[in-house]
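# Secondary and tertiary structure notes
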Amino acid sequence: MAGAPESPSPLPGQQRPRSRFAAGLPAVTAERIVDAALRLTVERGLDSWTLRQLASAVEAYPAVIYHHVGDRESVVRAVIERVGEEIPLPDANLHWRDFYWQLLADLRVVLRRYPGVARRFSLYGPLIPSIKPLIDRGVRVLQRDGFGEESVTAYNLLLGTAAALVSKEDDHLAQPLIKPDSPETYAEARDSEDQPGLAALGRNVYERVKDPERLIAHFTEFYDYSVQIALDGLERRLTRIHP
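These lines cover the structure that appears in this document, whether it is placed above or below. (Residues numbered from 1 in each chain as written. Predicted model: local features only at pLDDT ≥ 70, side-chain atom pairs only at ≥ 80, totals over all residues. Heavy atoms only, no water.)

What follows is about the packing of helix H7 (residues 132-144) against helix H8 (residues 151-174). For the pair H7 and H8, the least separation of the axes is 9 Å and the interaxial angle reads 125°. The angle between the axes of H7 and H8 places the two elements in the oblique class. Crossing geometry of H7 relative to H8 is assigned as right-handed. Between H7 and H8, the contacting residues are Leu134, Ile135, Gly138, Val139, Leu142 and Gln143 on the first element and Ser151, Val152, Ala154, Tyr155 and Leu159 on the second. For the contact of H7 with H8, the class distribution of residues is eight nonpolar, three polar and no charged. (Axes fitted to C-alpha atoms, helices over the stretch in contact; angles between N-to-C directions. Helix = DSSP H or I, 4+ residues; strand = E, 2+ residues; numbered from the N terminus. Parallel < 35°, antiparallel > 145°, perpendicular 65-115°, else oblique. Left-handed = near helix turned anticlockwise from the far one by under 90°. Contact = heavy atoms within 4.5 Å. Nonpolar A, V, L, I, M, F, W, Y, C, P; charged D, E, K, R; others polar.)

Okay, a nonpolar patch on the surface next. Residues Phe222, Tyr225 and Ile229 make up a contiguous nonpolar surface patch of about 310 Å² in total accessible area. Within the secondary structure, phenylalanine 222 is located in helix H11 (residues 212-241). (Patch = residues over 30% accessible without salt bridge, like charges linked within 9 Å, V, L, I, M, F, W, Y side chains within 5 Å. Areas by Shrake-Rupley, 256 points an atom, 1.4 Å probe, with all protein chains shown as cover. Salt bridge = Lys/Arg side-chain N within 4 Å of Asp/Glu carboxyl O.)

Overall, the coordinates contain 13 salt bridges when judged by the stated rule. Put simply, arginine 97 and glutamate 235 hold a salt bridge, and the shortest N to O gap is 2.6 Å. Of the two residues, arginine 97 sits in helix H5 (residues 96-113) while glutamate 235 sits in helix H11, which places them 138 residues apart along the sequence. Residue classification places arginine 97 among the buried residues on the basis of a relative accessible area of 13%. Residue glutamate 235 is classed as partly exposed on the basis of its relative accessible area, which comes to 35%. One salt bridge in this structure joins arginine 140 and aspartate 136, with 2.9 Å as the shortest N-O distance. Here arginine 140 pairs with aspartate 136, and both are found in helix H7, just four residues apart, close to one helical turn. (Buried < 20%, exposed > 50% of the residue type's maximum accessible area, 1.4 Å probe, protein only.)

And the structure:
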C-alpha cells in the first residue's frame, strides 16, 4: 500500500512554513475574529475597514476569515450581534414612556461606541439573535399599555428614529461638514433680510459652530429633544386609541 504523500519540500532559499503554534501566534477562532472586528469598528467605523485589514489584525490570511465566520457581511452581522448584547434592557414593569426614555438613552450610548452600526441596526432587526429580546420586550410593553395593533408600528417609529439620529451623528463625526470658515457662512445667513427662515437657522447655528464642544453637545440635546417629541406624539396617539 502506498504511504501518505509527503509535504512538498521548500524551494532553494525558502523556509518550510511554520505553524501558528510554532510561530508563537494564538489560534484563530471566530470569537477572536469578531473581537478584532469590534476593535476596528470602534477605531474606524463599521464601513471603513476591509476584510484584508481584519485578517491582518488577527495575523492570518483572508481565507481564514471566510473559513471561521464567512464573508464581510457575515462578520458585520456578528459585530451587530455583539453590540446588541451590550444594550441594557429596562425593567419590563416600567410604564411604556419611562421604558422607552431609558432604553433609547442607553441605546445611543452603545451605538455611538461603534460608529456605523446604527445604520444597520434597523435593517437587520429580528435577524440578529441578541436584538430579539429587545424587540419582544419593547413591543410587549406597548401592547400592555394600550397600543394594541399599533404596538409594532410605534416600536418601529421609536427605534427607527433613534437609529437614524445616531447614524446622522456618525456621519457628521466621520466626515465633518463644519469647516473653518463655517462661522462666517452662518454669520452671513443670520443677517439675511429677504429670507427670514434662513436667518433664524443662521442665528441658531452660528454660536454652536464657533465652539466644537458645543457642537458635539448639540447632538445629545437634539437626540433627547427628538425622542421627547416622538414620545409626546405617541402619548397623544394613545388618547385617540382610547378616548
